[in-house]
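# Inside the fold
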Amino acid sequence: MDALEPARLGPIGLRNRVLKAATFEGMSPGGVASPALVGLHERLAKGGVGLTTVAYCAVDPSGRTFPDQLQLAGSEPTLRELTARVHDAGGAASLQLAHAGFFSKLRGPDGRGPRGPSWALNAYGASAGLPITRPMTEGDVARVIDAFGAAAEQAVALGFDAVEVHLGHGYLLSQFLSPATNRRRDRWGGSLERRLALPLAVLARVRAAVGAERAVIAKTNLDDGFPDGLGIDDAIRIAQAIDARGDVDLLVPSGGFTSRTPFFLLRGGLPLARMADAQPDALARIGMRVLGRAIVRAYPFEESFFLPLARRLRASVQMPVALLGGLVSREGLAEARREGFDFVVLGRALIADPELVARMARGELERTRCDACNECVVEMDRGGVRCVLDDA
Ligand SMILES: Cc1cc2nc3c(=O)[nH]c(=O)nc-3n(C[C@H](O)[C@H](O)[C@H](O)COP(=O)(O)O)c2cc1C
């Protein structure tokens, strides 16, 4: 029942059940992967994780939220080197595939602003002159499905052992799943069954693209974190629909909507002053300082904070499910296994201690030094994600 024992994730073998969560690295200026990204994931693999996830790779350049998010075009040689180095260190690598939908400040190649399931105000895009987003057309939907398939195929060609499809946190597929943001009346919206149509089509296409030899992981929401958003009952029905289709090897339930409840998915500190300093223009800096606390809601940190909701989802499906959110101690990992979770997924604990798994295995460490200050969230915009406790 230990998290540190070897395991199979669908078709791939892993040396243990500890997965590094996708945490945007801030190491892809202009969308292109930098050598620092290779170094970070090599270090995590040397530190003992079973599988490391390269965060938020947009399936096409206009699926980025902002220009420095990773895209495949131009990143190929670096990502090929990354997977080779991770393999040499005994680990496996996954690429998180995502599309931002309306939560973007980028125009597409044809000059159009971001699109999502329905008409929406896009406060995030306002500073880029894109305050309103339009509903996607049938053609847009077809192109997104194709883009996920093509990106998954490329990920395999670059040596990734798994791809993680991002269906949570308020990005495009999450926008389609959420009743708050999907108000369509066609075959892609309305009932839960129709809200699921695009996400399921994407998962089927991704499975077809990666084949039977690589793993497909799906990161979903347990709860959007605001009234009228997606809640646990829908989350369970979504998980059951994914389970019934059989395209996915592992579910990673999370929660929150980056555009509305970003700290629901993190819990803990709200580094508002430093978030303000990281804003590109003076107006945004002042706005964040003055209004930050009113706009950005804080949630206290608790160890294994998604366990109460994730436990209900775990009990409702047959397929493998991971526990993510606030895993910070050896006892937390053991508890997750006792609760029936197949894998544990760690974000900030591994940003703070990339050697956490090796040190736990040697009996040197029972708990990460991470105190959920969330300063790492600001660091990712200042040259790359890192733990500020290194400065102490
Ligand atoms: C700096 C940072 C960047 C993140 N970037 C992403 C991301 O790109 N994609 C994603 O799905 N989640 C992202 N997350 C959320 C994590 O994957 C994870 O869900 C969250 O940190 C909770 O896990 P933890 O308590 O182990 O840190 C990010 C979290 C942090 C701290």
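All of the points below concern the structure found in this document. Everything numeric in this text was worked out from a predicted model, so none of it was measured.

## Regarding the overall build of the protein
Of regular secondary structure, the protein possesses 15 helices and 14 strands. Expected size for 392 residues packed as a compact globule is a radius of gyration near 21 Å; at 19 Å, the protein falls within 12% of this value. Going through the 392 residues of the protein one by one, you find that 53% of them count as buried. Residue pairs in contact within the protein that sit at least 24 positions apart in sequence constitute 69% of those at least 6 positions apart.

## Considering the nonpolar core
Formed by 113 residues in total, the largest nonpolar core has its most connected members in V163, A322 and V344. Take this core: its biggest share by element is seven residues, from helix α4 (residues 138–157). If near-sequence neighbours (up to four positions away) are discounted, V344 is found in contact with A3, R17, V18, A322, L323, L327, L333 and A336.

## What about the pairing of strand β10 (residues 162–166)?
When a strand is regular, its side chains alternate between the sheet's two faces. Among the five residues that make up β10, five are buried, leaving the element largely enclosed by the rest of the structure. Residue alternation in β10 divides its side chains into two sets, A162, E164 and H166 and V163 and V165, and both sets are buried. Where strand β6 (residues 92–98) meets β10, four bridges bridge the pair, whose relative direction is parallel. In the strand pairing of β10, S94 is matched with A162. Across five bridges, the pairing between β10 and strand β11 (residues 215–221) is parallel. Looking across to β11, one finds that H166 is bridged to K219.

## A word on the environment of N122
Checked against the element boundaries, N122 lands in the loop between β8 (120–121) and α3 (123–126). Classification of N122 by C-beta neighbours within 10 Å gives buried; the count is 20. Once the C-alpha coordinates of N122 and P29 are considered, the two residues, 93 residues apart in sequence, prove to be 24 Å apart. Excluding residues within four positions of it along the chain, N122 makes contact with F102, P114, L130, P131, I132 and T133.

## Considering the sheet that holds strand β9 (residues 132–135)
Pairing in this open sheet of three strands is mixed, and the strands run β7-β9-β8 from one edge to the other. Each having just a single partner strand, β7 (115–116) and β8 make up the two edges of the open sheet. Looking at chain direction, β8 and β9 are connected through two bridges and run antiparallel. Residue L121 lies in a different strand from β9, and its bridge partner there is I132.

What counts and what doesn't
Residues numbered from 1 in each chain as written. Predicted model: local features only at pLDDT ≥ 70, side-chain atom pairs only at ≥ 80, totals over all residues. Helix = DSSP H or I, 4+ residues; strand = E, 2+ residues; numbered from the N terminus. Rg over C-alpha atoms; globule rule 2.2 N^0.38 Å. Buried ≥ 20, exposed ≤ 12 C-beta atoms within 10 Å, placed from the backbone. Contact = placed C-beta atoms within 7 Å. Core = buried A, V, L, I, M, F, W, Y, C linked by C-beta atoms within 7 Å. Pairing = 2+ DSSP bridges.

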